[in-house]
Amino acid sequence: MTAGAPPPPPPLPPPSASTLLNKYQLGRLLGRGSFAKVYLARSIAENTPVAIKIIDKSILSLDPSMESRITCEVSAMRRLHHHPNIVKIHEVMATKTKIYLVMELASGGELFSKVLRRGRLKESSARMYFQQLVSALHFCHQNGVAHRDVKPQNLLLDQNGNVKVSDFGLSALPEQLKNGLLHTACGTPAYTAPEVVARRGYAGAKADAWSCGVILYVLLAGSLPFEDNNLALMYKKVHRREYKMPDWISRSARSIIYQLLDPNPNTRMSIEAVMQSSWFKKSLQLPSQDGLMDQATKPSTKLENIVTSMNAFDIISLSSGLDLSGLFEATCNNWRGKRFTSRESLERVMERVKEVGGKLGYRVKEGKGGAIGLGKGRAVVAVEVLEMAPSLLLVEMKVVGDGGEEFEDKQWWELKQGLEDVVLSWHSKEAIVAAI
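Reading the values: the criteria
- Within each chain, residue numbers correspond to sequence positions counted from 1 in written order.
- Where totals are concerned, whole chains, interfaces and linings use all residues; where local detail is concerned, this predicted model gives features only for residues with pLDDT of at least 70, and gives and counts side-chain atom pairs only at 80 or more.
- Water and hydrogen atoms play no part in the side-chain values, which are based on all heavy atoms of the structure.
- Whenever a helix is involved, its axis is fitted only over the stretch in contact; in every case the axis is a line through C-alpha atoms, and angles between N-to-C directions fall within 0 to 180 degrees.
- In DSSP terms, a helix is any run of H or I states spanning at least four residues, a strand is any run of E spanning at least two, and both are numbered starting from the N terminus.
- Each angle is binned into one of four classes, with values under 35 degrees roughly parallel, values over 145 roughly antiparallel, values of 65 to 115 roughly perpendicular, and all other values oblique.
- Each crossing is labelled by how the near helix is turned from the far one, with a counterclockwise turn of less than a right angle marking it left-handed and a clockwise turn marking it right-handed.
- The contact rule is simple, with two residues in contact once any of their heavy atoms fall within 4.5 Å.
- Three classes are used, and their members are as follows: Ala, Val, Leu, Ile, Met, Phe, Trp, Tyr, Cys and Pro are nonpolar, Asp, Glu, Lys and Arg are charged, and the others, Gly among them, are polar.
- Only centres within 6.5 Å qualify two rings of Phe, Tyr or Trp (six-membered ring in Trp) as a pair; their planes then separate them into stacked at under 30 degrees, edge-to-face at over 60, and tilted for everything else.
- A ring is considered to have a charge above it if a Lys NZ or an Arg CZ atom is located within 6 Å of its centre and within 35 degrees of its normal.
- Definition used in this section: a nonpolar core is a set of buried Ala, Val, Leu, Ile, Met, Phe, Trp, Tyr and Cys residues joined via side-chain atoms within 4.5 Å.
- Only protein chains enter the area calculation, which uses a 1.4 Å probe; residues under 20% of their type maximum are buried, those over 50% are exposed, and those in between are partly exposed.
- Reported domain spans reflect what an automatic or database domain assignment gives.
- The pairing criterion is simple: DSSP has to find at least two bridges between the two strands.

### Details of the packing of helix α13 (residues 346-359) against helix α14 (residues 409-419)
Phase 1 of the analysis: Two elements in contact, α13 and α14, have axes whose closest approach is 10 Å; the angle formed by their N-to-C orientations is 130°. What the angle tells us is that α13 and α14 run oblique. In this structure, the crossing between α13 and α14 has a hand that is right-handed. Where α13 abuts α14, its residues R352, V353 and V356 lie against L415, G418 and L419.
Phase 2 of the analysis: Split into classes, the residues belonging to the contact of α13 with α14 amount to four nonpolar, one polar and one charged.

Here it is as structure tokens:
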């Protein structure tokens, strides 16, 4: 599914390029932000391109909020790993001075650059990008994540021209809710919902819906609906709905934009309502993941994908002697894990994991996101559950502490034996599709 000829894939860094932790060869700089730089890199083991975000740890002392932002970004991306229109995070590494986030490469660049080059897009192309964005955000919201910084600069394109939502540094997880609402003012003013700027409690999903309205306008009109150097004046225009709708935008698209750019979040069009509109459904063909259509991306599905994830600091509390950098290094260097499918209920599987863990002498902790950590020595087994289809769960168990090397086959065998009554079958990653 493309809009125009896709860009050629970037050349891989040569073997002579600098090597990162004996795993990746770094190439050219792809981009930079306030706190990080992103480089093209090549996986030495698989000879495939990746993008590596490099964060200098010195910023953690300069800006205390950065540590929680990094942890939140990693946690959000882990929850959302299974959606084809969200940038995947492969692993997290660290040294004494740097943190490295190894991510899927979106070689097509920013959607923003395409809009700048063309001025505006044809409605069919704009709809395709919008469908993929809305599908990705719907998946985020189903899994308790609000992006909160949706803008064209954070919408990347892969080599086939498909959208990849990126940059979850300002995202919010369920544990950040107070009385069911978020309260932190953040984002980019031109794309941020008025209730966020007003510093009142707001629903993350409705705030993201506003941003979708701005983006749809930008794609179709080639300019922002609300723009003023004086932010106070700009938000007066927002509240009065003072923007010009170009004549070439169709009536159906105008209606969606108008309903999304409603300054009242209570009456604003929701993401779910957008997905049910006839304009959105036209030529709808969302990409598959590993050859399967992800059911959570279909607007008509009632399936709720549940991806639970332990907070990094929950894991630290279970494992003696771990600090944040140790956790980051262990996440990739000492990764060991098992996966199994189950026909049992989510509650039954999680209760059984806690029971077996307790009997085998593990320190058991349930994370805020609903995941479970089993701690023993310096190792922690994090247990996450994904609902793959009605009555079918995928359970992933992985060692994330820096004592991964101490975790022996005998311990895996004991866990597997204890959980046999809730296991349908054990799988490799590649074999999961066959179970559905």
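### Observations concerning the packing of aromatic side chains
Phase 1 of the analysis: If you walk through the whole model with that rule in mind, you get six aromatic pairs.
Phase 2 of the analysis: Summarising the aromatic geometry, the rings of W210 and F226 are spaced 6.0 Å apart at their centres and angled 15° between planes, so their arrangement reads as stacked. Residue W210 is located in helix α6 (residues 204-221), and its partner F226 is located in the loop between α6 and α7 (231-240); the two are separated by 16 residues in the primary sequence.
Phase 3 of the analysis: Over the ring of W248 we find R120; its NZ or CZ atom is 3.8 Å from the centre of that ring.
Phase 4 of the analysis: The residue whose ring lies beneath K376 is Y362, and the NZ or CZ to ring-centre distance is 4.2 Å.

### Side note on the nonpolar core
Phase 1 of the analysis: Core analysis: the largest hydrophobic core is formed by 82 residues, its most contacted members being F130 and F168.
Phase 2 of the analysis: A per-element tally of this core places α6 first, with twelve residues.
Phase 3 of the analysis: Taken domain by domain, the makeup of this core includes at least three residues from each of domain 1 (19-104) and domain 2 (109-170 + 189-276).
Phase 4 of the analysis: With near-sequence residues (within four places) excluded, F130 lies in contact with C212, L216, L260, V274, W279 and F280.
Phase 5 of the analysis: Counting residues in each nonpolar core, the second largest holds 21 residues, with V353, Y362, L374 and L393 among its members.

### Some points on the sheet that holds strand β1 (residues 19-20)
Phase 1 of the analysis: The antiparallel open sheet is built from six strands, whose spatial order is β1-β2-β3-β4-β6-β5. At either margin of the open sheet sits one strand with a lone partner, and together these are β1 and β5 (89-94).
Phase 2 of the analysis: Across six bridges, the pairing between strand β2 (residues 24-32) and strand β3 (residues 36-43) is antiparallel. Paired with Q25 across the strands is R42, a residue of β3.

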